[in-house]
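Structural characterization, general
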Amino acid sequence: MKTIKFTALSAAIAATLTLTTASVLAQADNANGGNRRGGTPEEFRQRMNDRLKTSLKATDEEWTIIQPLLEKVTTKQREAAGSRFGGMRGGPGGGGPGGRGGNGGGAPAADQGPRSAGSVASEALRTALESDATTPADIKTKLAAVRDARKKAAAELAAAREELSKVLSVRQEAALVSNGILE
């Protein structure tokens, strides 16, 4: 139980760090006369990858091994966070109406990709709770689906982190722990 709570907390922290990093980078780009918002999500990912490669002091050869594993970890972090927060929708910048992250929780925005099973299960539970007509049995079923999705997401994230850790030097591993990507 403590492991699940710790993993969930780690995922929430990682999501916060990702959003904070994006905000800091946007401020830096704006201060330098750039317009990060004018770029595509792919351009943003590429800049982040370039910064991570530099901070890890990875050679091109090392990066070809590290980068796909790192991408897998960050994808699993987003999925774990999505199962916790229903796809990070809601207020400004959070994906809800008026936010930059999506379209109010329906189908994913074009640049977001498919929603995780945990995000879909969380949204189904939230919708069930909003209706007074939902039976306790239906809520119980949806609650079990959310818990199962969270357990699966946490296990997949732990496995992805372990796989990444195996190919890193001690310095690189420490850098990724410092950045909230590894525990």
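Just above, that's the structure.
This is a predicted model, so every value here is computed, not measured.

1. A look at the overall build of the protein chain
Scanning the protein chain for helices and strands turns up six helices and zero strands. Counting helices and strands in the order they occur from the N terminus, the protein chain gives α-α-α-α-α-α. Burial statistics for the protein chain: of 183 residues in total, 34% are counted as buried. The long-range share in the protein chain, meaning contacts at least 24 apart out of those at least 6 apart in sequence, stands at 54%. Split by element, the accessible area of the protein chain, about 11,100 Å² in all, is 57% carbon and sulfur.

2. With respect to the nonpolar core
By size, the foremost hydrophobic cluster in this structure holds 18 residues, and its most contacted members are Leu56, Trp63, Ile66, Leu70, Leu164 and Leu176. Secondary-structure elements contributing two or more residues to this core are α2 (41–56), α3 (60–85), α5 (136–165) and α6 (170–178). The element best represented in this core is α3, accounting for six residues. Leave out the neighbours within four places in its chain, and Leu70 touches Leu52, Trp63, Leu164, Leu176 and Ile181.

3. Some remarks on the side chain of Gln172
Mapped onto the secondary structure, Gln172 falls in helix α6. From its side chain, Gln172 meets the backbone oxygen of Leu56 in a polar contact 3.4 Å long. Once residues lying within four places of it in the same chain are set aside, the contact partners of Gln172 are Leu56, Lys57, Ala58, Glu62, Ile66 and Val167.

4. Re unusual backbone geometry
Despite not being glycine, Lys57 has its phi angle at roughly 55°, a positive value. Overall, Lys57 belongs to the exposed group, its relative accessible area being 66%.

5. Comments concerning α5
Its 30 residues give α5 an end-to-end C-alpha distance of 43 Å, which sits within 8% of 44 Å, the value for a rise of 1.5 Å per residue. Along α5, the residues classified as buried are Val146, Ala149, Ala153, Ala154, Leu157, Ala160, Arg161, Leu164 and Ser165.

6. Re the pattern of salt bridges
Pairing between side chains of opposite charge can happen when their charged atoms approach one another. The full count for this structure, using the stated rule, is nine salt bridges. The residue Lys53 makes a salt bridge to Asp60 at a minimum N-O spacing of 2.2 Å. By relative accessible area, Lys53 is classed as partly exposed at 22%. Two residues, Glu79 and Lys76, come together in a salt bridge whose shortest N-O distance is 3.5 Å. Placement of both Glu79 and Lys76 in helix α3 is noted, with a separation of three residues, approximately one turn of the helix.

About the cut-offs
Once a new chain begins, its residue numbering starts again from 1 and follows that chain's sequence as written. Confidence filtering applies because this is a predicted model: local features only for residues at pLDDT of at least 70, side-chain atom pairs given and counted only at 80 or more, and all residues used for totals across whole chains, interfaces and linings. The side-chain quantities take in all heavy atoms of the structure and omit both hydrogens and water. Put simply, DSSP H or I for four residues or longer makes a helix, DSSP E for two residues or longer makes a strand, and each gets a number counted from the N terminus. Exposure categories follow from relative accessible area, calculated using a 1.4 Å probe and restricted to protein chains: below 20% of the type maximum is buried, above 50% is exposed, and the middle band is partly exposed. Contact criterion: two residues are considered in contact whenever any of their non-hydrogen atoms come within 4.5 Å of each other. For every accessible area listed, the method is Shrake-Rupley and the probe measures 1.4 Å; residues are considered covered only by the protein chains on display. Here, the term nonpolar core denotes a set of buried Ala, Val, Leu, Ile, Met, Phe, Trp, Tyr and Cys residues that are joined through side-chain atoms within 4.5 Å. Counting of polar contacts relies on pairs of N or O atoms within 3.5 Å, with two restrictions inside protein: one atom must be capable of donating a hydrogen and the other of accepting it, and residues adjacent in sequence are counted only when both atoms are side-chain atoms. Here the expected length of a helix is defined as 1.5 Å per residue gap, with one fewer gap than residues. In what follows, salt bridge is the name for a side-chain nitrogen of Lys or Arg lying within 4 Å of a carboxyl oxygen of Asp or Glu.

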